[in-house]
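# Understanding the architecture of this molecule
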Amino acid sequence: MLILPAPTGKGMIIIKQGGDKIISGACMNNMPNILWLEEIRKEDITSVGGKGASLGEMASLGLPVPKAFVVTAQAFRRFLVETGLEQKIYKSLDSLDVENNEALEKAAENIKGQVLKAKVPAATRDEIKKAYRKISSDDLIVAVRSSATAEDLPDASFAGQQETYLNIKGEAALLTAVQKCWASLYGARAIYYRAKQGFDDRTVNIAVVVQQLVNSEKAGVMFTSHPITGEPLTIIEGSWGLGEAVVSGSVSPDKYVFDQRTEKIVDRLVSTKKVEIIADGGHGTKSVEVDMQRQDAQVLSDAEVSKLAMYGKITENHYGVPQDVEWGIVGETFYILQSRPITTIGTKKGAQGAPGAGAPAMGDHKILLQGQGASPGIAVGKVALIRDVKDIGMVKEGDILVTRMTNPDMVPAMKKVAAIVTDEGGMTCHAAIVSRELGTPAVVGTKKATSVLTSGQIVTVDGEKGLIYEGAFEQVVQKQQAAAHQQVAGAGAPTITATSVKVNVSIPEAAARAAATGADGVGLLRIEHLILGLNKTPGWFITNHREEEFVKELHDGIKIVLDAFPGKPVWVRTLDAPTDEFRNMMGGENEPHEHNPMLGWRGIRRDLQSPDQFRLQVESFKQLWKEGYENLGVMFPMVSHPDQFVQAKEMMRGWGVDVENVTLGIMIEIPSSAILIEDFLTCGIKFASFGTNDLIQYTLAIDRNNENIADMYQPKHPAVLRLIHNAIQTCREHGVECSICGQAGSDPKMVEWLVEHGIASVSANIDAIAKIRETVARTEQRIILEAARNRNAE
Ligand code: PEP
Ligand code: MG
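Residues numbered from 1 in each chain as written. Chains lettered and ligands numbered in written order. Predicted model: local features only at pLDDT ≥ 70, side-chain atom pairs only at ≥ 80, totals over all residues. Heavy atoms only, no water.

### Topic: the site of ligand 1
Close contacts around ligand 1 come from 13 residues, with Arg526, Arg573, Gly691, Asn693 and Arg704 the closest. Measuring from an oxygen atom of ligand 1, one finds a side-chain N or O atom of Arg704 at 2.7 Å. Notes on ligand 1: free accessible area 290 Å², of which the protein chains cover 96%. Elements with a minimum of two residues in the shell around ligand 1: strand S26 (522–526) and helix H26 (692–700). It is H26 that provides the largest number of residues to the shell around ligand 1, a total of three residues. Here the residues of the shell around ligand 1 are counted per class, giving three nonpolar, four polar and six charged. (Near = heavy atom within 4 Å. Polar contact = N/O pair within 3.5 Å; in protein donor to acceptor, adjacent residues only side chain to side chain. Areas by Shrake-Rupley, 256 points an atom, 1.4 Å probe, with all protein chains shown as cover. Helix = DSSP H or I, 4+ residues; strand = E, 2+ residues; numbered from the N terminus. Nonpolar A, V, L, I, M, F, W, Y, C, P; charged D, E, K, R; others polar.)

### Things to note about the sheet that holds strand S12 (residues 264–269)
If you trace the six strands from one edge of the open sheet to the other, you get S12-S11-S10-S9-S15-S16, paired in antiparallel fashion. The open sheet has two edge strands with one neighbour each: S12 and strand S16 (333–341). The sheet shows a mean angle of 20° between the axes of neighbouring strands, taken without regard to direction. Here five bridges tie strand S11 (residues 254–259) to S12, and the two strands are oriented antiparallel to one another. In the strand pairing of S12, Tyr256 is matched with Arg268. In the packing of helix H10 (residues 302–319) onto the sheet, contacts are made with strand S9 (218–223), strand S10 (233–240), S11, S12, strand S15 (323–330) and S16, and the angle to S16 comes to roughly 40°. (Pairing = 2+ DSSP bridges. Axes fitted to C-alpha atoms, helices over the stretch in contact; angles between N-to-C directions. Contact = heavy atoms within 4.5 Å.)

### Quick word on the sheet that holds S26
Overall, parallel pairing links the eight strands, which are arranged S31-S30-S29-S28-S27-S26-S25-S32 in an open sheet. Both edges of this open sheet fall to strand S31 (737–740) and strand S32 (761–764), since each of them pairs with a single strand only. Looking at each pair of strands side by side, their axes are set apart by 30° on average, direction ignored. Here strand S28 (residues 632–636) runs beside strand S29 (residues 663–668); their pairing, made up of four bridges, is parallel. In the sheet register, Val634 faces S29, and the bridge partner there is Leu664. Helix H22 (residues 611–626) rests against strand S27 (570–573), S28 and S29 of the sheet, and its axis sits at about 160° to S28.

### Considering the pattern of salt bridges
This model, assessed by the stated rule, comprises 32 salt bridges. Among the salt bridges present, the one from Lys502 reaches Glu737, with a minimum N-O distance of 3.0 Å. Here Lys502, found in strand S25 (residues 500–505), pairs with Glu737, found in strand S31; they are 235 residues apart in sequence, far enough to count as distant. Given a relative accessible area of 2%, Lys502 falls into the buried group. Judged by relative accessible area, Glu737 falls into the partly exposed class, the value being 27%. Close ionic contact of Lys559 with Asp563 constitutes a salt bridge, the shortest N to O distance being 3.2 Å. Placement of both Lys559 and Asp563 in helix H19 (residues 547–564) is noted, with a separation of four residues, approximately one turn of the helix. With relative accessibility at 27%, the residue Lys559 sits in the partly exposed group. (Salt bridge = Lys/Arg side-chain N within 4 Å of Asp/Glu carboxyl O. Buried < 20%, exposed > 50% of the residue type's maximum accessible area, 1.4 Å probe, protein only.)

If you want it as structure tokens, here you go:
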């Protein structure tokens, strides 16, 4: 028998004779049913799960971890064996097709029901009750948390798939909560994930942490060292109520920087804290408004900052790497709730995103703001604060553009700035897309850049980590010019991959940079950026009889991109700008006011109702096809029904396009188009491309540009993955190219999954091409290698 670390980091793999692999964690006969935190070390993960092991390790250091015991994985396993459930569950899971949603839901309900109904062995029940009494003779209120035995291991993101029950009081409620945690191991989502990630259900266990509930009066997170530079500067963020408010980003917390060398607070930023999260009195939490007196009050005293920083130092010294720590305070009592390594230190990029250049030292620079790092690179410049788009002309070359949110009519200014900072938005907002394409560092969703920063102020923007510092980093100033575009220029000869790696382009100015990546074509050319920079809506051109100008503008812009990709496919998307993006332009006064422009008059639905607008676009395509650009394909956005594709095709036929011999395809951005993909294929689409930016928002009902819910915007949500998987398979069966051009196509982890699931091509942002190509090549090689090994083993 050979024991190896699992390649995916999912624990130890025990290779048995005959080659079967199982992940360790199966029942160990002598392990107790209950372990106290003090008895646990991080190696005990197979008994107490990731959460339990981490708490035990922290308690062993003498850190003030809330009192707790763990009902071990072995107690759970004994329960399954003694009640006879084990074999029944395996039997039902063995024959389950997890892709069959109905069957999956039914099996999950059935198994959970059985786990909840079964009688917990008397010995285990007694031990749990005894342990509860030992924590406190009164009915202490506890949190009962699942701790899957593979949870918190790299790549095995089981976290959140099993349940947590807050505010549990009394023996009976505790026993029920433990049993509910056990049952949650068989939730549909958990079963699906395990099946997809190759975990063997027989060996994945669940432990349950029973812990004194801490109703923090103030709480937050702490980076024990600076998250970018690794300097011994402890950064503490804190707010009122439970730490959830800080972790989820629903509040702008206070920030304190403590220098471990001088043991002094070197910086503090007291924010307005409008909301706090508190226990709801039931089994959950609620968000309430902070009373006026506390909103602007400093959360932590200097002594509290020092004490937390001291705890931070203890954890960092113990683990040997900087930690991300969750903490809470009730009255005068401190609690350390969780600690994880910070993974970002040392991975930062230098000026203008040049990889490996090393980040400049932060020195005494104060962090002014934090948001989402939307386009990598570091830049220094003077703030140009634009509150009204009409003032955009004031932005100068090399400025830092600071605005609530960028608009297409700001693109000319965006081209000349050193960095972009916005109050609003997420990774797929306008500012994020355009700045990545321009290679300009950007931080979006800071919430308050326009109120914190002032025009003329010198700042340094880190577009990777999402931080804005006061003043100029000298090294950045020196490198700023020299390093521009270094990343793309150094791309080198591309690796050949079976899965095509294409690039997204929105502005013709980026065509040369895009082509320099060696991409296999353009998987998305967003044409709205070609005309919106002119500051006139398509309607304006039509009303003012300037159609020819409009057609020429489109023709010339698209031609620049086609010329940069000779002989390679270039998929040009028809217009897709929500009405609010047109509002500030000439003609914008005629745009309808919509309650929700994201769900409104955009994409193909608008073109089909506005034949004049559609016809002008088609006119430009016709000219290009006539000029011999056969590599031009046309992609329709926001289609929800095959009839829309048929109608668009028929309109084009009516305008003289040889529709059977040109390449017409669709974007899959609305769940309905993924569900109806077979019907689209029957209607003759030549390709389909996932617009995951929209597909995710429409599947999960999460506004892609709303920073308050950015953490719920999950590209890997099982529902999204299921839609994608099914559409890929159906396209493959029809021999039609299936691709992706949403932001998820620039994420290596997602691309690995897509290649494994048979995607034909991926289209990524310019700055991501090298990384994505490498991911595609590696994944393909691994698939080939595994197939060869399997053949040899037979
Ligand atoms: C998408 O939705 O993924 C997409 C590429 O389109 P856009 O971001 O322009 O909506
Ligand atoms: Mg879209």
